[in-house]
Amino acid sequence: MSPPPSTAGVLSFEDARRIVEEHATKLLAALSDLRVADTLELLAARGRVLTEPILADRDFPPFARATRDGYAVRAADVQRVPVRLEVAGEIKAGDLAATCAVKAGQCVSIMTGAALPAGADAVVMVEHTAAVEPPNATANPHQKHVEIQRSVASGENFVPQGAEARVGQLLVDKGRRLDHALIGIAASVGRSRVAVFRRPRVAVLSTGDEVVKIDMAPGATQIRNSNSYSLAAQIEAAGGEPVRLEIAPDEPRRLRELIEQGFACDLLLITGGVSMGKYDLVEQVLAEMKAEFYFTGARIQPGKPVVFGSCGAGALARVPAVDAQPARAGAPAPHFFFGLPGNPVSTMVTFRLFAQPMIAALAGTQPEPLVFLKARLKAEVRTKTGLTRFLPAVISGKFENSEVELAAWQGSGDIAALARANCYMVIPPDRERIAAGEWVSVLL
Ligand code: AMP
Ligand code: MG
């Protein structure tokens, strides 16, 4: 058996993340337009990536839309206040504006969302008006008046037709992942069905002689395969379709068979078997398969043994071909893989830090940047230097009073600690001691 590759090396967190992002960006460019599309009912497309842009099917707003309840006026008539205007009619949301027009000395009662009538160029809020009693008994009972108490400038309190978007204008570009806001936009232009990319299939391969199926009674020293499930959930949230493979024993032949099965998917995530132990065979087997390693570790805790690479030449030039319909005849499948450490917290953290960008790219969209919040440290933290740490923590308090403290945990095998935590506290590699009250980064 060949020795494990050591050339790619152990990188800082930032360098490892940069390498993943670079591969994701190249992959996204290489894959553009080659993926198979589904046309889905709008809500079923939540979390999927658009293969087509969404355009405005008419002006937005389609008419000059009042943004207040009040009176549509000619601004010139209300420059001196108070002033009394004749109420020529009423327009509520949904009424045709053409039913009323505002002439000099007049106004029209108008509701939020209604179309501004001809002649009007502003809306006075109802709060700045007062009802006027008819002047005397002989007055026309149908003629109503209102007193305007504050002047408005032309253009106030309505949105002109087309100010938000013109008919035909691009609202959402292709390659965007549909969240609730983009679904709302698609709905507003009448897109009850949308074309989206096929979800990338992400194989999950758990390794370890001690790892057993979760519906089996484990022996005294056996461990249930929880990683397969947490990863499947993370893959779905990232826009992929998990494909859970059989558990691989710590035995090279079967491990290789299962890795080959995993390479039929768009991406392979292997858990366990990447540490320095005698039975950690993943890197050796991949090296025998002529894998290229982009890194073989990151200076992080948890998750230091994480591995990223691809198998076979020119992975970036290729497209997924796992479906019945390969996107381009003869194009071999890309064999990108991550080897994630088997300890459950390490598995989750390394997925979050490194696997997500590749899944986003395979799904047809730009990777999301990692966003760090800031919170004040509740109690002093002491660590050894050299590793960027992502430690389970509890964030509480609001706005500028956000505070964070470490959750009690026994290390990266302590999956139960995650139920007590709601974030990861990020500790930079050069800090031995961080005092209570200092601002620290937090990853949700
Ligand atoms: P390894 O990375 O293979 O050295 O495994 C590190 C630790 O994670 C060991 O205690 C394993 O039993 C545990 N582990 C490995 N794979 C899994 C898995 N699929 N689910 C839960 N725990 C695992
Ligand atoms: Mg193992």
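Whatever comes next refers back to the structure up there.
Keep in mind that this is a model prediction, so the values were computed, not measured.

A. Quick peek at the pairing of strand 24 (residues 372–377). One ladder, built from five bridges, connects strand 24 with strand 30 (residues 439–443); its direction is antiparallel. Following the sheet pairing, Phe372 is matched in strand 30 by Leu443. Direction of pairing for strand 24 relative to strand 27 (residues 403–406): parallel, over a ladder of two bridges. Within strand 27, the residue paired with Arg376 across the bridge is Glu403.

B. Quick look at a nonpolar patch on the surface. A contiguous nonpolar surface patch, about 270 Å² in accessible area, is contributed by Val371, Leu373 and Leu444. Given the relative accessible area of 34%, Leu373 is considered partly exposed.

C. Structural context of the packing of aromatic side chains. Under the criterion given, the structure shown has 10 aromatic pairs. Each ring, one from Phe293 and one from Phe337, has its centre 5.8 Å from the other, and the planes form 75 degrees; the classification is edge-to-face. Note that Phe293 is positioned in strand 19 (residues 291–295) and Phe337 in strand 23 (residues 336–340), a separation of 44 residues in sequence. Accessibility assignment for this pair places Phe293 and Phe337 in one class, buried. Measuring from centroid to centroid gives 4.5 Å for Phe308 and Phe338, while their planes differ by 10 degrees, and the two rings are stacked. On the criterion of sequence distance, the pair formed by Phe308 in strand 22 (residues 307–311) and Phe338 in strand 23 is long-range, its members being 30 residues apart. Accessibility classification places Phe308 together with Phe338 in one group, the buried group.

Thresholds, definitions, all that
Sequence order as written defines residue numbering, which begins from 1 separately in each chain. To label them, take the chains in the order written and letter them from A, then take the ligands in the order written and number them from 1. For this predicted model, a pLDDT threshold of at least 70 governs which residues receive local features, and a threshold of 80 or more governs which side-chain atom pairs are given and counted, while totals over whole chains, interfaces and linings are taken from all residues. By convention in this description, side-chain values take in all heavy atoms of the structure and omit both hydrogens and water. Two strands qualify as a pair provided that DSSP identifies no fewer than 2 bridges between them. Per the convention used, a helix needs a DSSP run of H or I reaching at least four residues, while a strand needs a run of E reaching at least two, with both numbered from the N terminus. Two joining distances apply to patches: 9 Å for like charges and 5 Å for nonpolar side chains (Val, Leu, Ile, Met, Phe, Trp, Tyr), and every residue must have over 30% relative accessible area and no salt bridge. Residue-level accessible areas treat just the shown protein chains as cover; the underlying method is Shrake-Rupley with a 1.4 Å probe. Note on definitions: salt bridges are taken to be side-chain nitrogens of Lys or Arg within 4 Å of carboxyl oxygens of Asp or Glu. Type-normalised accessible area, obtained with a 1.4 Å probe on protein chains alone, sets the label of each residue: buried when under 20%, exposed when over 50%, and partly exposed for intermediate values. To pair, rings of Phe, Tyr and Trp, with the six-membered ring standing in for Trp, must have centres within 6.5 Å; the planes then decide the type, stacked if under 30 degrees apart, edge-to-face if over 60, and tilted in the middle.

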